[in-house]
Amino acid sequence: MDDEPEYTPEEWDAALTAAEATELDRLAEAGIRPGKLDDVIGQTRVREQIGLLLEGARRRGATPDHLLLSGPPGLGKTTLAMIVAAELGVGLRQTSGPAIERSGDLAAILTGLARGEVLFIDEIHRMARPAEELLYTAMEDFRVDVIVGKGPGATAIPLELEPFTLVGATTRAGLLTGPLRDRFGFLGQLEFYGDAELEAIVKRSSGILGVAITDEGAAEIASRSRGTPRIANRLLRRVRDFAQVRADGTITTPVASEALALYDVDELGLDRLDRAVLGALVKTFGGGPVGLTTLAVAVGEQSDTVEEVSEPYLVRAGLLARTPRGRVATAAGWRHLGLAPPATEGLFGTGDA
Ligand SMILES: Nc1ncnc2c1ncn2[C@@H]1O[C@H](COP(=O)(O)OP(=O)(O)OP(=O)(O)O)[C@@H](O)[C@H]1O
Ligand SMILES: [Mg+2]
C-alpha cells in the first residue's frame, strides 16, 4: 500500500508511551477517571464491598477500616483509592512504597494527616522495612514511636496520630508480609474486565472526549484492550486521532481496526512485551517449560515486569501456563503466533486447551 505509516511499530510504541506522558493526555485521563463509586464500571463485587464498608463507617461516624487493593496494572486501584476519599468527602494524601526510603519519611506524612483523611500508598509491597514496621502501630493504634537520639541514650517518643484510613495498592499481594496484610480490614482483589464492561468504559470515555463512536467500534477497541481499562482508554485516544485525521471523525469498526493495526495492537490486544514473551517461549525455548528468570533475560526485561505485567494476561488469554516446572506455551499460544503446536511434546499436546 502506498499509504505507508511513517513510523515502525517500535517507533509507534515509543511515541505512544511519550504521548501518554503529555499534558493533554494527562488532562484527558483526569476527566475520564471515574470520580464516584456509581461511575465505576465492572468490578461489581469489590465495588459493592467497598460501598458497604464506607456506608457502615459513615453510619457509625467512624473512620473506615484500612483497605488493600491488589491486581495487575491499570485495573483501577488508584481510581478506587481516590473514590474512597471522594465518597467520604475527605482529603487524600498520595505516596508510594519506593518513595518511602526511611521511616522518618513515613512519620512525617502520618503526623501531617488531618482527622479522617485517606492515605494512599501505591506499590505498598516495595516500602522499606523500618517504615513498614512504623506503619503497624500507625494502622492499629494511630500512633507512631519516633526514635530520638542514637545508641543507648535513644528514646522512643510516642506521637498520637489523627485517625486515618490507609488505602494500599499492590500488583503483588503475595509479596506483602503477613503482619502488614493482617492489619488491613478489607482485601480487594481486582479482576480483568470482560469485553462488555470494557465496551461500556470505551463508550463512557468517548462521551467525555466528545468523539462519536458506534457500538461495534467500541466493541472492537474493547476486545483488544487486554481486559484493562487503562489500555482501553489509551487505544481509544489513538483511534480517535486516526478517526479525526484519516476518516470523518466517527469511530466505526473499520476505523478502529485499521487504526489498531497501524499501532501494532493485535487481535487479542497483546502488546510488544506480551508478544516478545510468548515469542521467546515458543521460538527460543520450544514452548517450555522454562524458568521465569531465563524467560525474562531472553526478552531483556526484569522478571518482576514479566511476572506482573505480561504474564497475568497471557495466562488469562490461555496462551501461557505456569507450571511447577516453569512457564509453558499452550497450543493456543503456538497458534496465536501462527505456528503449529508440537504434535506430542509438552504438557498441552495439540488439543484445544
Ligand atoms: N472501573 C472503571 N471504570 C471506568 N474506567 C476505569 C475503571 N477502572 C479504571 N479505569 C480507568 O483506567 C485508568 C487506570 O486506572 P488506575 O490508574 O486506577 O489503575 P491502577 O490499578 O492504579 O494501575 P497501576 O497498578 O498501574 O497503578 C483510570 O485512569 C481510569 O480512567
Ligand atoms: Mg495506580
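Look a little higher up for the structure.
Now for a quick tour of the structure.

What counts as what
- Residues numbered from 1 in each chain as written.
- Chains lettered and ligands numbered in written order.
- Predicted model: local features only at pLDDT ≥ 70, side-chain atom pairs only at ≥ 80, totals over all residues.
- Heavy atoms only, no water.
- Helix = DSSP H or I, 4+ residues; strand = E, 2+ residues; numbered from the N terminus.
- Buried < 20%, exposed > 50% of the residue type's maximum accessible area, 1.4 Å probe, protein only.
- Contact = heavy atoms within 4.5 Å.
- Patch = residues over 30% accessible without salt bridge, like charges linked within 9 Å, V, L, I, M, F, W, Y side chains within 5 Å.
- Areas by Shrake-Rupley, 256 points an atom, 1.4 Å probe, with all protein chains shown as cover.
- Salt bridge = Lys/Arg side-chain N within 4 Å of Asp/Glu carboxyl O.
- Axes fitted to C-alpha atoms, helices over the stretch in contact; angles between N-to-C directions.
- Parallel < 35°, antiparallel > 145°, perpendicular 65-115°, else oblique.
- Nonpolar A, V, L, I, M, F, W, Y, C, P; charged D, E, K, R; others polar.
- Pairing = 2+ DSSP bridges.
- Polar contact = N/O pair within 3.5 Å; in protein donor to acceptor, adjacent residues only side chain to side chain.
- Phe/Tyr/Trp six-rings, centres within 6.5 Å; stacked < 30°, edge-to-face > 60°.

Here's the deal with the environment of Leu292
In this structure, Leu292 sits in helix α13 (residues 292–299). Judged by relative accessible area, which is 14%, Leu292 ranks as buried. Considering only alpha carbons, one finds Leu292 and Glu311, 19 residues apart in sequence, at a separation of 9.9 Å.

Quick look at unusual backbone geometry
For the peptide bond that leads from Gly288 to Pro289, omega is 0°, which places it in the cis range. Along the chain, Pro289 turns up in the loop between α12 (272–284) and α13. A positive phi angle is found at Gln43, which is not glycine, with a value near 50°. For Gln43, the position within the fold is in the loop between α2 (23–32) and α3 (44–60). Phi at Glu123 takes a positive value of approximately 45°, unusual for a residue other than glycine. Relative to the elements of secondary structure, Glu123 occurs in the loop between β3 (118–122) and α6 (129–141). Glu123 gets classed as partly exposed once you look at its relative accessible area, which sits at 29%.

Quick word on the environment of Thr228
With respect to the helices and strands, the residue Thr228 is situated in the loop between α9 (215–223) and α10 (229–246). Along the chain, Thr228 and Glu197 lie 31 residues apart, while their C-alpha atoms are 9.9 Å from each other. When residues no more than four places from it in sequence are discounted, the contact partners of Thr228 are Pro73, Gly74, Leu75, Phe192 and Leu198.

Observations concerning a nonpolar patch on the surface
Taken together, the side chains of Val148, Ile157 and Leu159 make up a nonpolar region of the molecular surface, amounting to roughly 220 Å² of accessible area. Tracing the chain through its elements places Ile157 in strand β5 (residues 155–160).

Some points on the packing of α13 against helix α14 (residues 303–316)
Between α13 and α14, the least distance of the axes is 8 Å, while the angle of their chain directions is 90°. What the angle tells us is that α13 and α14 run roughly perpendicular. In contact with Leu292, Thr293, Ala296 and Val299 of α13, α14 contributes Ser303, Val306, Glu307 and Glu311. In terms of residue class, the contact of α13 with α14 is built from four nonpolar, two polar and two charged.

Describing the sheet that holds β3
Taken in spatial order, the five strands make up an open sheet running β2-β3-β6-β1-β7, and their pairing is parallel. Two strands close off the open sheet at either side, each with one partner strand: β2 (92–96) and β7 (186–189). Across the sheet, the mean angle from the axis of one strand to that of its neighbour is 15°, orientation sign disregarded. In terms of strand pairing, β2 meets β3 through five bridges, oriented parallel. Counterpart to Ser96 in the pairing with β3 is Asp122.

Remarks on the side chain of Ser70
Topologically, Ser70 is positioned in strand β1 (residues 67–70). A relative accessible area of 6% places Ser70 in the buried class. One polar contact links Ser70 to Gln189, side chain to side chain, over a distance of 3.2 Å. For Ser70, the residues in contact, after removing those within four places along its chain, are Lys77, Thr170, Ala173, Gly188, Gln189 and Leu190.

Points about the packing of aromatic side chains
Applying the stated criterion to the full structure yields two aromatic pairs. Judged by centre distance (5.4 Å) and plane angle (70°), the rings of Phe142 and Phe164 are edge-to-face. One end of the pair, Phe142, is in the loop between α6 and β4 (143–148); the other, Phe164, is in the loop between β5 and β6 (165–170), with 22 residues separating them in the sequence. The class of Phe142 is partly exposed, set by a relative accessible area of 22%.

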